[in-house]
Number of protein chains: 2
Amino acid sequence: MIRNGVGRELPESIPGVACLRPYSGNATGDSDVGRTAARREPKVLASLEEAFRRSEVEDGMTISFHHHLRDGDLVVNMALDVLANMGLRDLVLAPSALFPVHKEVLRHVRSGVVRAIQGSVNGPVGKAASEGLFDLPVILRSHGGRVRAMQTGELRVDIAVIAAPTADSMGNIGGVSGPSACGSLGYAFSDAQYARRVIAVTDTLIEYPATAFSIPQTLVDWVVPVERIGDPGRIVSGTLRVTRDPLRLIIAEQAARVIEQSGVFVDGFSMQAGAGGISLAASTFIRERMRRAGIQGGFISGGITEQSVEMLEEGLFHTLLDVQSFDTAAVASLARNRSHMEMSASFYANTAAKGCVVERLDTAILGATQVDTNFNVNVNTESDGMLLHGTGGHMDTAAGAKLTVIVTPLLRGRMPMIVDRAITVTTPGDTVDAVVTERGVAVNPRRKDLLENLNGKGIPLVDIHDLKRLAEEMTGVPRDPLFGEKIVGVVEYRDGSVIDVIYQRL
Amino acid sequence: MIRNGVGRELPESIPGVACLRPYSGNATGDSDVGRTAARREPKVLASLEEAFRRSEVEDGMTISFHHHLRDGDLVVNMALDVLANMGLRDLVLAPSALFPVHKEVLRHVRSGVVRAIQGSVNGPVGKAASEGLFDLPVILRSHGGRVRAMQTGELRVDIAVIAAPTADSMGNIGGVSGPSACGSLGYAFSDAQYARRVIAVTDTLIEYPATAFSIPQTLVDWVVPVERIGDPGRIVSGTLRVTRDPLRLIIAEQAARVIEQSGVFVDGFSMQAGAGGISLAASTFIRERMRRAGIQGGFISGGITEQSVEMLEEGLFHTLLDVQSFDTAAVASLARNRSHMEMSASFYANTAAKGCVVERLDTAILGATQVDTNFNVNVNTESDGMLLHGTGGHMDTAAGAKLTVIVTPLLRGRMPMIVDRAITVTTPGDTVDAVVTERGVAVNPRRKDLLENLNGKGIPLVDIHDLKRLAEEMTGVPRDPLFGEKIVGVVEYRDGSVIDVIYQRL
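Every value quoted in this text rests on a predicted model; they were computed, and no experiment measured them. (Residues numbered from 1 in each chain as written. Chains lettered and ligands numbered in written order. Predicted model: local features only at pLDDT ≥ 70, side-chain atom pairs only at ≥ 80, totals over all residues. Heavy atoms only, no water.)

Quick look at the overall build of chain A
Point 1. Counting secondary structure elements, chain A contains 15 helices and 30 strands.
Point 2. Principal-axis analysis of the C-alpha atoms gives chain A an extent of 85 × 55 × 50 Å.
Point 3. The proportion of buried residues among the 506 residues of chain A is 63%.
Point 4. Taking all contacts inside chain A whose residues are at least 6 apart in sequence as the whole, residues at least 24 apart take part in 69%.
Point 5. On chain A, roughly 17400 Å² of surface is accessible, and the fraction owed to carbon and sulfur atoms is 49%.
Point 6. Side-chain charges in chain A split into 51 positive and 59 negative, and the spacing between the mean points of these groups amounts to 1 Å. (Helix = DSSP H or I, 4+ residues; strand = E, 2+ residues; numbered from the N terminus. Buried < 20%, exposed > 50% of the residue type's maximum accessible area, 1.4 Å probe, protein only. Contact = heavy atoms within 4.5 Å. Areas by Shrake-Rupley, 256 points an atom, 1.4 Å probe, with all protein chains shown as cover. Lys, Arg positive; Asp, Glu negative; His and termini not counted. Charge placed at Lys NZ, Arg CZ, Asp CG, Glu CD.)

Some thoughts on the sheet that holds strand β10 (residues 166–168) of chain A
All names here are of chain A.
Point 1. In space, the three strands of this open sheet follow the order β11-β10-β13, with mixed pairing throughout. Two strands close off the open sheet at either side, each with one partner strand: β11 (173–174) and β13 (205–206).
Point 2. Relative to β11, β10 is paired through two bridges, and the arrangement is antiparallel. Along β11, the bridge assignment pairs Thr 166 with Gly 174. (Pairing = 2+ DSSP bridges.)

Some thoughts on the packing of aromatic side chains
Point 1. Counted according to the given criterion, the structure contains ten aromatic pairs over all chains.
Point 2. Seen from their ring centres, Tyr208(A) and Phe299(B) are 5.8 Å apart, and the 75° between their planes marks the pair as edge-to-face. Of this pair, Tyr208(A) sits in the loop between β13 and β14 (222–225) while Phe299(B) sits in strand β16 (residues 297–304), placing the two residues on different chains. As far as burial versus exposure is concerned, Tyr208(A) and Phe299(B) are alike and both buried.
Point 3. A ring pair is formed by Phe265(A) and Phe269(A), whose centres lie 5.3 Å apart and whose planes are at 70°; its orientation type is edge-to-face. Like Phe265(A), the residue Phe269(A) is buried in the burial classification.
Point 4. Within the aromatic cluster, the residues linked to one another by ring pairs are Phe265(A), Phe269(A) and Phe317(A). (Phe/Tyr/Trp six-rings, centres within 6.5 Å; stacked < 30°, edge-to-face > 60°.)

Considerations on the sheet that holds β14(A)
Residues and elements named next belong to chain A.
Point 1. Taken in spatial order, the six strands of this open sheet run β6-β4-β3-β9-β12-β14, and their pairing is parallel. Two strands bound the open sheet, and with one partner strand each, they are β6 (114–117) and β14. Between one strand axis and the next, the sheet turns by 25° as a mean value, whatever way the strands run.
Point 2. Packed onto the sheet, helix α2 (residues 75–85) meets β3 (62–65), β4 (91–95), β6, β9 (159–164) and β12 (197–202) and runs at close to 155° relative to β3. (Axes fitted to C-alpha atoms, helices over the stretch in contact; angles between N-to-C directions.)

Brief notes about the relation of the copies chain B and chain A
Point 1. Structural alignment of chain B on chain A gives an RMSD of 0.0 Å, achieved by rotating through 180° and translating 0.0 Å along the axis. The operation mapping one copy onto its partner corresponds to a two-fold rotation axis. Relative to the rotation axis, the C-alpha of Arg338(B) is the closest in chain B, positioned 5.0 Å from it.
Point 2. Comparing interface residues between copies, 100% of those in chain B also sit at the interface in chain A, which points to an isologous, same-surface contact. (Least-squares fit on C-alpha atoms with pLDDT ≥ 70 in both.)

Notes on the environment of Val157(B)
Point 1. As for its placement among the helices and strands, Val157(B) is situated in the loop between α5 (143–152) and β9 (159–164).
Point 2. Apart from residues no more than four positions distant in its own chain, Val157(B) is found in contact with Thr62(B), Ser64(B), Met150(B), Tyr194(B), Ala195(B) and Arg196(B).

Some points on the pattern of salt bridges
One side chain can pair with another of opposite charge once the charged atoms of both are near each other.
All names here are of chain A.
Point 1. Here the structure, examined in full by the defined rule, presents 59 salt bridges over all chains.
Point 2. In this structure, Glu 472 engages Lys 468 in a salt bridge whose closest nitrogen and oxygen atoms are separated by 3.8 Å. Of this pair, Glu 472 and Lys 468 both sit in helix α15 (residues 464–475), four residues apart, which is roughly one turn of that helix.
Point 3. On the basis of relative accessibility, which here comes to 19%, the residue Glu 472 falls in the buried class.
Point 4. Overall, the relative accessible area of 12% leaves Lys 468 in the buried class. (Salt bridge = Lys/Arg side-chain N within 4 Å of Asp/Glu carboxyl O.)

Considering the pairing of strand β30 (residues 498–505) of chain A
The two faces of the sheet receive side chains in turn, since in a regular strand these alternate between them.
Residues and elements named next belong to chain A.
Point 1. Counting buried positions along β30 gives six out of eight residues, so the element sits mostly inside the fold.
Point 2. Pairing geometry for strand β29 (residues 483–492) and β30, over six bridges, is antiparallel. The residue bridging Phe 483 from the neighbouring strand is Arg 505, located in β30.
Point 3. Counting the residues that bridge the hairpin from β29 to β30 gives five residues, and of these Gly 496 lies at a positive phi of roughly 95°.

Focus on the domain arrangement of chain A
Residues and elements named next belong to chain A.
Point 1. What the domain assignment lists for chain A is domain 1 (48–118 + 155–232) and domain 2 (238–479).
Point 2. Computed over C-alpha atoms only, the centres of domain 1 and domain 2 are separated by 31 Å.
Point 3. Counting from both sides, the interface comprises 13 residues of domain 1 and, opposite them, twelve residues of domain 2.
Point 4. Carbon and sulfur atoms make up 54% of the surface buried where domain 1 meets domain 2, a total of about 1000 Å² over both sides.
Point 5. If you sort the residues of domain 1 by the area they bury against domain 2, Arg 70, Ser 184 and Tyr 187 come out on top, with a joint share of 46%.
Point 6. Our count for the contact surface shared by domain 1 and domain 2 stands at zero salt bridges.
Point 7. Between the two partners, domain 1 and domain 2, sit ten residue pairs in polar contact (both at pLDDT 80 or more).
Point 8. Broken down by class, the residue content of the side of domain 1 that touches domain 2 amounts to six nonpolar, six polar and one charged. (Domains from an automatic or database assignment. Buried area = accessible area lost by both parts, 1.4 Å probe. Polar contact = N/O pair within 3.5 Å; in protein donor to acceptor, adjacent residues only side chain to side chain. Nonpolar A, V, L, I, M, F, W, Y, C, P; charged D, E, K, R; others polar.)

Describing α15(A)
Residues and elements named next belong to chain A.
Point 1. Relative to the 16 Å expected for twelve residues at 1.5 Å per residue, α15 spans 17 Å between its end C-alpha atoms, a close match to the ideal helical length.
Point 2. Along α15, the residues that are buried comprise Ile 464, Leu 467, Lys 468, Ala 471 and Glu 472. Along the axis of α15, the buried positions cluster into a sector of 130°, meaning they face one direction only.
Point 3. Where α15 begins, the capping side chain belongs to Asp 463, and its oxygen is found 2.7 Å from the backbone nitrogen of His 465.
Point 4. Just beyond α15, the residue with positive phi is Gly 476, at close to 80°. (Expected span 1.5 Å × (residues − 1). Arc of directions from axis to C-beta.)

Structural notes on the interface of chain B and chain A
Point 1. Taken together, the contacts link 107 residues of chain B with 107 residues of chain A.
Point 2. Taken over both partners, the interface formed by chain B and chain A buries close to 7900 Å², and the fraction arising from carbon and sulfur atoms is 51%.
Point 3. The tally of links between chain B and chain A comes to six salt bridges.
Point 4. Between Arg21(B) and Glu154(A) there is a salt bridge, with the nearest N and O atoms lying 3.8 Å from each other.
Point 5. Counting across the interface, chain B meets chain A through 32 residue pairs in polar contact (both at pLDDT 80 or more).
Point 6. Tallied by class, residues from the side of chain B that touches chain A come to 53 nonpolar, 26 polar and 28 charged.

A word on the pairing of strand β16 (residues 297–304) of chain A
Residues and elements named next belong to chain A.
Point 1. Counted residue by residue, β16 has eight buried out of eight residues, so it is predominantly covered.
Point 2. Relative to strand β17 (residues 317–325), β16 is paired through seven bridges, and the arrangement is parallel. When the sheet's bridge partners are listed, Ile 304 is paired in β17 with Ser 325.
Point 3. Each parallel crossover has a hand, and for β16 linked through helix α10 (residues 306–313) to β17 it is right-handed. (Right-handed = clockwise from strand over helix to strand, strands pointing away.)

Some words on helix α8 (residues 246–262) of chain A
All names here are of chain A.
Point 1. Taking 1.5 Å per residue as the helical rise, α8 with its 17 residues ought to reach 24 Å, and the 24 Å between its terminal C-alpha atoms agrees with that figure.
Point 2. Along its buried surface, α8 packs onto α9 (277–293), β19 (363–366), β22 (403–407), β26 (434–437), β27 (440–443) and α14 (448–454).
Point 3. Just downstream of α8 lies Gly 263, where phi reads positive at about 110°.

Observations regarding the packing of α8(A) against α9(A)
Residues and elements named next belong to chain A.
Point 1. The contact between α8 and α9 brings their axes to 8 Å, and the two run at 50°. Of the possible angle classes, the one that applies to α8 and α9 is oblique. Both α8 and α9 take part in a crossing whose hand is right-handed. From α8, Arg 248, Leu 249, Ile 251, Ala 252, Glu 253, Ala 255, Ala 256, Arg 257, Ile 259 and Glu 260 reach across to α9, where they touch Ile 278, Ala 281, Ala 282, Phe 285, Ile 286 and Arg 289. (Parallel < 35°, antiparallel > 145°, perpendicular 65-115°, else oblique. Left-handed = near helix turned anticlockwise from the far one by under 90°.)

Below, the structure written as structure tokens:
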């Protein structure tokens, strides 16, 4: 028999108890009786440096960030400066995305603080990657693919640094209020769940317990109050202007007509539109058509805008599923309307979850930097071969939606958008159904049902090879950019397989 | 070089990519183009039997249930009948608790369908365990301890069966509406998160996507619609009547005075009261004292009642943290008031989480079936040695709270409640600060600070040994019940260690 911490005699083993540990008592002997052990040390720390130290940061570790503050984010640069000052080397960054404001990262790459990036890189960091700055390729994952990789352990995050518009002293993190309010924190859930250590950085420490929060205290190790985490004016991205260009409006209206006639445009239909100007304009035309036809939709998913909020409030859709709030109207709506729901990237698009939202999508309206004649879509590299864009939810929604419509002008800056061979394949053609341009709509020939539905509806149906020829007639056949041998980017498909690689631009 | 599913040439290996899998294409060749693979088979199944079959149920597996429908639950019995009909044997049940309605379990134990129970057993199942029905002991865990054991893998659940007041076709489960509405689903979150397979059983299938839900589709495998999951009249438990017994009211008022004078009764103070009649009455007296003193509290946690809701709405507390909604007023409030928040058992009380609510509790007012002169508390067995009660959050809140007050009459049914040696130790005395009876208040001598605060405040302070003597003077020294050698119950402390064992009652 063993005598335990409350004086009870226990046998050495008990049937059905695999590993018997006797209660040891949690008394520490001080005046606060035994429960000192049950009360952990305060989570609120004086500095980010202290939080990294307590998280036992080491050279070579992987540090993650979310991008909900977009180009207004101050936290990535702040954290890297602290890590550089602490003398850290060879870190791997795992941001959900980086923006132009994060060009400071390049300085830390050159000095050896940062060695590699696994995550989306928009703008200057991508350009530097294309030019061969990194010795390891950037691993590009979709929103769903990033969570999947964390869940499977392919992407192991040591420390997640979470920009928190609000946090309480136990680390309940919210996105809808405070000076740096960004709305949904959809991409940050996976970081909180899978990282070994989680640091919330906030400029708005609120009273415990926070009443509406996104990420719970159960996942957060430390809370670091700082002066500012974001520049409010730049948190709302500039990508979200609905186009006013007449040619692009034609494309948008054509896309709406395709959807209207496709067979999915019935009561309960669900929709996601990308953040590009044409996609946003297409939503406007769909809105008009829903009103006219008296269609009552189900949900809008993805990045949420003022227009989505208006459609919800007008009763055209009954739910918004918000992984990213693009403007202040969306942030305000998320805070007040229970039919406007925050969703995590896993809920949105993770193939390793037991069912995600994109599987239930009827239609996705998406952009492209290139489309090839097999309907494969490039969204990562520009025609000049430069890696300038992350994958976002493009391949996720295309795979899930019953109808994936790509909207693109035939030319951009005298470069054809429809080509024989895209520089990069991001989204496979077998998940793309129609390509809508100002010169006609090409339907994937494998979608005979869609072709039938669109036939005789006044939609100018064309062969995608004809679109390619039309474009080339206007510009000539463009010369391929010159690439070196070094792989600077790996485009992972949402299931973790490699769909393409990106070579150094010479 | 390898050619992948979109015809891209990839090298055999890429620096920085541990395990290169080329994209294989997700085309299935049918007319629905490639994305059939991205759309999973429907989750809604015709029967619980089919759900068990698809979950690959086998003899000896562990099946979990939650107890939010309390004595009105129809799902445990329904599931066991199905499993019995399927010929399953030797199952382990892992309910968060069982109630009198679940006495049907005993039939399945006798026939060999069920072999053991890991979970709380209230009433008839506990009594049968005490009488030696099971060949393995019942493993009793606290609300926090149960999640911890799932998180560490000490309790591995093969299939969770979740009674779902509402569910949509993808398995988003809600508790606040439908004919079997029970409010919070706090105890079911861990089952959904850690079980290998998760089956939602619902009598109210709602349109996708559910707009307010507790458990997300990402964790749910199957949805089974059935006629009824609960008996609404018995979902609200009978344990929740505030006492009217004058002697018990004296104890309740005394407990309120102890709290008032203890030092924790200041603005922002947080509180949890157990579901017993005296604890509930103590809340009423605290409410009056808060009004009188103009104290503005922080949160009330745990099981939420109409009284908690009124205190929230009156502005006496600013948040309710609800792991279990005890009455219809609590259910309605949870549905409408954002300051009334659902919390998971992990958020509430899990020591393996990165911080839980009980750590922030100022005071807990709890019941007992026995208290010993070392302040150890029994809540599992009655004076006759019968295992009739689960542990609940007793040991969790006692450990976390700055001030743990036990309320108990000196006698119940001519049995003394203060004894030299409790039959079972559930909650260790070093986490208990004061025992309040109708004949005086015994303060744990290690809490000199509390003794000082209470001195001279008109509170009748007594030595706990005197309380024991007083009780024995009234009843005589009771004879210990007769126990056999067989261990029928194991009381786990919240950290997974064994604080006591329960022997067979002869």
